[in-house]
Amino acid sequence: MEIVIQPPEVNTIRIIDSHTGGEPTRVVIGGFPDLGLGSIARKQKVFQAEYDHYRQALVNEPRGSDIQIGALLVPSDDPLCLTGVIFFNNIGYLGMCGHGTMGILAVLSHLGKINPGPHRLDTSVGIVTATLHEDGSVSVQNVPGYRYRKQASVQIDGEKGSGDIAWGGNWFFLCDAPSIDLIPRNTEALIDYTWKIRHALCAHGITGKDGQEIDHIELSGPSPNSEADSRNFVLCPGKAYDRSPCGTGTSAKLCCLFKDGKLKQGQIWRQESIVGTIFEGSIKQINSQLIPTIKGIAFVNATTDLILNPEDPFCWGIPTE
């Protein structure tokens, strides 16, 4: 007896997963609706206004998780760019993503689309140049960064704290770690503490330039690793912590270190994550702009089609609100 199964009408999205220093990136390479013409910033607005349910389907449960970062590859209107990219997470959209950019080059290399060398990528906050090296590592020359405020004060549980507000492709509040060791078993306490900082910043109207929300919190402390200059813990906008040393966060930190005279042009800074992975960073000044560069390595770990079945009650992801 022949069994004939009539599947419902389904759509599929082709994705390739990777991780950079432990932090995942889900690169969308096919099956996504056309976002039209224009800049990456404009396409991101179309994505958010018309296709946000795709974001939820791609990175939220049951297909994804809170720590998943998505990267949608789209055409750039700059002929010198390899591709455009829109970064997104469990609650919204990101300007730049350092570990995600490394993941994109790992994916394109895996597909045989690129060779070692420099490649320009167009993001919603500007063009970055990512160089694929022969050993598979990637250096990302980021958008210009800067420190917006030095040692801004904030009240946390009735106690005064302070930290630098800096831009590295996303907005960061960077401060020293409290009396909580930056080790994996303390992640719940670290999430609680950094989430309080995030809420305190909002409650007191402390923002980045032009009132932009500071949606990343970075704690820094000493590392037990003699090969690292510092260890960090980074809370991302959706309340997940970054398993990598955070590319845009390291970029923001490099700007602060340079302004404080603690880092010279071209000097290598080795930033360690809470899980022990390291990004190498350096900075150069061109006229009045600070240009951070970060280097790490990403590994491809899955190629698959995500199935969007309209009969599935969670076809478009489990709502986060």
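Residues numbered from 1 in each chain as written. Predicted model: local features only at pLDDT ≥ 70, side-chain atom pairs only at ≥ 80, totals over all residues. Heavy atoms only, no water.

A. Seen up close, the pairing of strand β12 (residues 216–221). Most of β12 sits out of view: six of its six residues are buried. On β12, burial covers both faces: H216, E218 and S220 on one face and I217, L219 and G221 on the other are all buried. Pairing between strand β11 (residues 171–176) and β12: five bridges, direction parallel. Opposite C175, over in β12, you have L219 as the bridge partner. Regarding the hand of the β-α-β motif, the stretch spanning β11, helix α4 (residues 187–203) and β12 is right-handed. Bridging between β12 and strand β13 (residues 230–235) involves five bridges; their strand directions are antiparallel. Residue pairing in the sheet places E218 in a bridge with V234 of β13. (Buried < 20%, exposed > 50% of the residue type's maximum accessible area, 1.4 Å probe, protein only. Helix = DSSP H or I, 4+ residues; strand = E, 2+ residues; numbered from the N terminus. Pairing = 2+ DSSP bridges. Right-handed = clockwise from strand over helix to strand, strands pointing away.)

B. Molecular detail of the packing of aromatic side chains. Tallied over the entire structure, the rule returns 11 aromatic pairs. Counting every residue linked through ring pairs, the aromatic cluster contains F32, F47, Y51, Y54, F88, Y93 and W316. Taking NZ or CZ as reference, R243 lies 3.8 Å from the ring centre of Y241, over its face. (Phe/Tyr/Trp six-rings, centres within 6.5 Å; stacked < 30°, edge-to-face > 60°. Lys NZ or Arg CZ within 6 Å of the ring centre and 35° of its normal.)

C. Region of interest: the side chain of S273. Following the sequence through the fold, S273 ends up in the loop between β14 (269–272) and β15 (278–286). When near neighbours in sequence (up to four residues on either side) are disregarded, S273 contacts R231, N232, R243, S244 and P245. (Contact = heavy atoms within 4.5 Å.)

D. Looking closely at the nonpolar core. Formed by 48 residues in total, the largest nonpolar core has its most connected members in F87, I104, V140, F173, I197, L201 and F233. Among the elements that take part in this core, helix α3 (residues 98–110) stands out by supplying six residues, more than any other. Leave out the neighbours within four places in its chain, and F173 touches A152, V154, S162, G163, D164, I165, I197, L201, I214, H216, I217 and E218. Counting 21 residues, the second-largest nonpolar core is a separate cluster that includes L35, I40, L308 and C315. (Core = buried A, V, L, I, M, F, W, Y, C linked by side-chain atoms within 4.5 Å.)

E. Structural view of the layout of surface pockets. Quantified by volume, the largest pocket comes out at close to 510 Å³. Looking at the largest pocket, it is lined by 26 residues, and the ones nearest its centre are Q151, S162, L174, C175 and D176. Within the residue set of the lining of the largest pocket, elements represented by two or more residues are β9 (146–156), β10 (159–167), β11, β12 and α5 (247–259). By residue class, the composition of the lining of the largest pocket is 11 nonpolar, four polar and 11 charged. Taken as a whole, the second largest pocket holds about 420 Å³ of empty space. For the second largest pocket, the lining is made up of 20 residues, of which Y93, L94, G95, N170 and D215 are closest to its centre. Of all elements in the fold, only α1 (40–50) and β5 (93–94) reach the threshold of two or more residues within the lining of the second largest pocket. Across the lining of the second largest pocket, the residue classes tally to seven nonpolar, 10 polar and three charged. (1 Å grid on protein atoms, 1.4 Å probe; cavity = no way out; pocket = protein on both sides within 12 Å on 5 of 7 lines; lining within 4 Å. Points joined across faces, edges and corners; volume = space filled by probe spheres on them. Nonpolar A, V, L, I, M, F, W, Y, C, P; charged D, E, K, R; others polar.)

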